Amino acid sequence: MSSEAKQTASENGATSSYDEHIDDVETAKAIDLSNNVQARIQNPLHGIPRDKLMKQVDKFVRDHGLEDKNDLFRKGALLAQSQKGFETMDELSESDKEVLRRETTHRWSQPRDLYLTVIICSLAAAVQGWDQTGSNGANLSFPDALGISQDPANPRASINEWIVGVINSGPYIGSSLIGCWLTDPLNHYFGRRGTLFWCGLFCTLTVIGQAVSQTWPQLLVCRLLLGLGMGPKATTSPVYAAENVPANIRGGLVMSWQLWTAFGIFLGFSANLALQGAGRIAWRLELGSAFIPAVPLMIGIYFCPESPRWYMKKGRYAEAFKSLCRLRNSELQAARDMYYVHCQLVEEFAVLRGSTYFSRFYELFKIPRVRRATLASFVVMIAQQMCGINIISFYSSTIFVQAGYSSRSALFASWGYGLVNWLFAFPAVWTIDTFGRRNLLLFTFPNMAWTLLAAGFCFYIPDSSGAKIPLIALFIFMFAAFYSPGEGPVPFTYSAEVFPLTHREMGMSWAVATCLFWAAVLSLTFPRLLSAFGSVGAFGFYAGLNVIALTMIFFLVPETKQRTLEELDYVFAVPTRKHASYQATEFLPYWIRRYIFLRKTTLKPLYNFDEVDIAQREKEKLSA
């Protein structure tokens, strides 16, 4: 390791105890985190002789004030080096081995504090969903109440359509332009928990401000400020969950963001339906009711442990260990995970420096490993807007009214959509870590395309036909049913895990800003798009975007299921060209032979997950 890299590691809070291994074999780039052309996934501890590993552990505990846990970290390091070989380790007691066996046999048996963390992150998601749908029902009345009627008889109708679009997109404009980019400094100074408290505060005060607004500019300002809470919340909450949960259930728990965002959407629709009879103040109550889940979020967050990885990034290892012990079933598992993360962090800090706010942003596009994660997260996030889900979430009541529903029936139909959107997110809890993130996207996008197109074509059915309204609702509900287990949970789960710790806050800021910026564009343009294209044209437009998004995902999004956050460094070190070439020349022909022609065939894997002894390979290379 170069002296510059060592200094960088030290500056970032990572001890150099791992440096000896790298210096000894001179293979810091044996698996290049910028250009892993062999697609090999390497355990950074593999191949270190036992006595040397123990010396490194001894130095590690001395450097970080953990001497009283020396024996524990010795066992943890051996486990981190060979996690599947614990049955043959003499150092482990039978009770130790039983705890480790339960990781496979009872993988959902986790500590209370881990589930408390997930619950609080779920509350943050519910706030997000409720904030989205408060304006859905309010759209039916607040334009008239604030003097921006969209009635075709109004000579300012076209201008008012843009004003209503800007008001609806306000939180997403505020989030994408300012809120998301506050995530890095907020996390740096306040940690994950402090950031979520900040978000809860903004999401409480601003929605109350919306409820008491007297003019549309006041309403717009409140919705813009709401973005200062929504942006960092959507960015921090999935990262906080991803850093705290074990790899084998990370997808299922981190995707709770989408599950409970969908639940928040459903609650918002429920509130809209319940409040629609409140008369002239109905829209105020619909907008203001979103503060309800934000209050327990602010209270509950301080009963959760802080992210151990955040503590380690700040050099606070003793606190990181205490936090990790609250999140694992035993101190042995905590020691194993902590030492493994530490060793990978040393490599990350050596290669992926990210020393300042602006340099970290620049490096999202400069460093190949980070750039590939940036590209993949961009694709899955923009696809969430390209698929068209938010034209339903933001404007379903308006769409159903255009289909011939009464205002009350439109709110009932929107409520049904919200229920379907939530219920069909549940299967992803199991499939996201088995079927995989990428496969869920590849399966659901074609189905979203045809259901959206079918819903649009149903507007051609004459108004006199009793089939028109039920068929439009049916295809919209089917669209939501395909969205919820696929493009719903994947983007935030995926983006929260793909960036290295050095760039995780900045990378997630980029990903969520991408999502919310295009949500703002969608919210801003859809009223005018609907007026210009009509319902059929608008639905057909988004059906076409689904096909484009499917193509982008196929070539540019790697799979990440059941890999530790540290192993993903090697996944994203594989060049994009190699990944895309594999999809075109290996996966696509395999899929056609297997599922079109129904032939028995095997797929050559892209990634080699076999552990390779770096030192031995380098010695063989030198001897040759």
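Residues numbered from 1 in each chain as written. Predicted model: local features only at pLDDT ≥ 70, side-chain atom pairs only at ≥ 80, totals over all residues. Heavy atoms only, no water.

A.B. asks: Would you mind going over the overall build of the protein with me for this structure?
C.D. replies: For the protein, the count of helices and strands is 29 helices and zero strands. Long-range pairs, those at least 24 residues apart, make up 81% of the contacts in the protein between residues at least 6 apart in sequence. For the protein, the accessible area works out to roughly 23800 Å², and carbon and sulfur atoms hold 62% of it. (Helix = DSSP H or I, 4+ residues; strand = E, 2+ residues; numbered from the N terminus. Contact = heavy atoms within 4.5 Å. Areas by Shrake-Rupley, 256 points an atom, 1.4 Å probe, with all protein chains shown as cover.)

A.B. asks: Can you help me understand the UniProt feature "transmembrane region" (unreviewed entry) in the protein in this one?
C.D. replies: In the numbering adopted here, UniProt assigns the feature "transmembrane region" (unreviewed entry) to residues 257–275, 375–395, 415–433, 440–462, 468–486, 507–526 and 532–557. Helix makes up 68% of residues 415–433 and strand 0%, and the two end C-alpha atoms of the span are 30 Å apart. Helix makes up 100% of residues 507–526 and strand 0%, with an end-to-end C-alpha separation of 29 Å. (UniProt positions renumbered as here; feature names shortened; annotations may be inferred.)

A.B. asks: Looking at this structure, I do not really get the side chain of Arg284. What am I missing?
C.D. replies: Within the secondary structure, Arg284 is located in helix H13 (residues 282–288). Those residues within four positions of Arg284 in sequence are excluded, and the remaining contacts are Ala211, Val212, Ser213 and Gln214.

A.B. asks: Any chance you could explain the pattern of salt bridges here in plain terms?
C.D. replies: Close approach of charged atoms allows side chains with opposite charge to pair. If you walk through the whole model with that rule in mind, you get 19 salt bridges. A salt bridge links Lys69 to Glu331; its shortest N-O distance comes to 3.2 Å. Highlighted residues: Lys69 in the loop between helix H3 (50–63) and helix H4 (70–81) and Glu331 in helix H17 (residues 331–351), separated in sequence by 262 residues. Glu331 gets classed as partly exposed once you look at its relative accessible area, which sits at 36%. Here Glu98 ties to Arg101 by a salt bridge, and the two come within 3.1 Å at their closest N and O atoms. You can see Glu98 and its partner Arg101 sitting in helix H5 (residues 94–105), three residues apart, about one turn around the helix. On the accessibility criterion, Glu98 (38% relative accessible area) is partly exposed. The exposure class of Arg101 is partly exposed, given its relative accessible area of 24%. (Salt bridge = Lys/Arg side-chain N within 4 Å of Asp/Glu carboxyl O. Buried < 20%, exposed > 50% of the residue type's maximum accessible area, 1.4 Å probe, protein only.)

A.B. asks: How should I be thinking about the environment of Ala473 in this particular structure?
C.D. replies: Considering the arrangement of structural elements, one finds Ala473 in helix H24 (residues 468–483). Considering only alpha carbons, one finds Ala473 and Tyr417, 56 residues apart in sequence, at a separation of 8.3 Å. Among residues more than four places away in sequence, those in contact with Ala473 are Phe400 and Tyr405.

A.B. asks: Sorry if this is basic, but what is going on with the side chain of Thr374 here?
C.D. replies: Inspection of the secondary structure assignment puts Thr374 in helix H19 (residues 368–386). A residue is classified by how much of its surface remains accessible, and Thr374, at 2% relative accessible area, is buried. If near-sequence neighbours (up to four positions away) are discounted, Thr374 is found in contact with Leu364, Phe365, Phe499 and Trp510.

A.B. asks: Help me understand the packing of helix H9 (residues 183–211) against helix H26 (residues 504–556), please; the structure alone is not making it clear to me.
C.D. replies: Helices that pack against each other are described as a pair by the angle of their axes relative to one another and the distance between those axes. One can describe the packing of H9 onto H26 by two numbers: an axis separation of 9 Å at closest approach and a directional angle of 135 degrees. Accordingly, the angle class assigned to the pair H9 and H26 is oblique. Helix-helix and strand crossings are classified by hand; for H9 and H26 the assignment is right-handed. Side by side, H9 and H26 meet where Thr183, Asp184, Asn187 and Arg192 of the first sit next to Glu505, Met506 and Ser509 of the second. Among the residues making up the contact of H9 with H26, the classes are represented as one nonpolar, three polar and three charged. (Axes fitted to C-alpha atoms, helices over the stretch in contact; angles between N-to-C directions. Parallel < 35°, antiparallel > 145°, perpendicular 65-115°, else oblique. Left-handed = near helix turned anticlockwise from the far one by under 90°. Nonpolar A, V, L, I, M, F, W, Y, C, P; charged D, E, K, R; others polar.)

A.B. asks: Sorry if this is basic, but what is going on with the nonpolar core here?
C.D. replies: Across soluble globular proteins, nonpolar side chains show a tendency to be buried alongside one another. In terms of nonpolar packing, the biggest core is built from 99 residues, with Ile476 and Phe526 touching the most fellow members. Broken down by element, this core gets its largest block of residues, 23 residues, from H26. Every residue in contact with Ile476, bar those within four places of it in the chain, is listed here: Ile392, Ile399, Phe400, Tyr417, Ala455 and Phe539. Counting 35 residues, the second-largest nonpolar core is a separate cluster that includes Val57, Phe73, Ala80 and Met89. (Core = buried A, V, L, I, M, F, W, Y, C linked by side-chain atoms within 4.5 Å.)

A.B. asks: Could you clarify how one ought to interpret helix H21 (residues 407–423) in this entry?
C.D. replies: One full turn of an α-helix is made of 3.6 residues, so residues set three or four places apart face in the same direction. Taking 1.5 Å as the rise per residue, H21 with 17 residues should run 24 Å; its terminal C-alpha atoms sit 24 Å apart, in good agreement. For H21, the set of buried residues is Ala410, Leu411, Ala413, Ser414, Gly416, Tyr417, Gly418, Val420, Asn421 and Trp422. (Expected span 1.5 Å × (residues − 1).)

A.B. asks: Any chance you could explain the packing of aromatic side chains here in plain terms?
C.D. replies: Tallying each qualifying case throughout the model produces 33 aromatic pairs. A centroid spacing of 5.7 Å and a plane angle of 55 degrees characterise the contact between Trp310 and Tyr311, whose relative ring orientation is tilted. A residue is classified by how much of its surface remains accessible, and Trp310, at 6% relative accessible area, is buried. Classification of Tyr311 by relative accessible area gives buried; the value is 11%. The interplanar angle of 75 degrees and the centroid separation of 6.4 Å between the aromatic rings of Phe533 and Phe541 together place this pair among those described as edge-to-face. The structure contains a cluster of three or more aromatic residues connected by ring pairs, namely Trp260, Phe263, Phe266, Trp415, Trp422 and Phe426. Arg599 extends its terminal NZ or CZ atom over the ring of Phe597, reaching a point 5.2 Å from the ring centre. (Phe/Tyr/Trp six-rings, centres within 6.5 Å; stacked < 30°, edge-to-face > 60°. Lys NZ or Arg CZ within 6 Å of the ring centre and 35° of its normal.)

A.B. asks: Please explain the confidence of the model for the protein as it appears in this structure.
C.D. replies: Should the pLDDT be low somewhere, the predicted coordinates at that spot are not to be read in detail. With 87% of its residues at a pLDDT of at least 70, the protein reaches an overall mean of 82. Looking at the elements of the protein, mean pLDDT is at its lowest for helix H2 (residues 19–25), recorded as 39, and at its highest for helix H16 (residues 317–327), recorded as 93. Ignoring residues within four places in sequence, the model shows residues 1–31, a span with pLDDT below 50, making 68 contacts including any to other chains. pLDDT under 50 marks residues 37–41. Its contacts with residues more than four places away, or in other chains, come to 19 contacts. (pLDDT = per-residue confidence, 0-100.)

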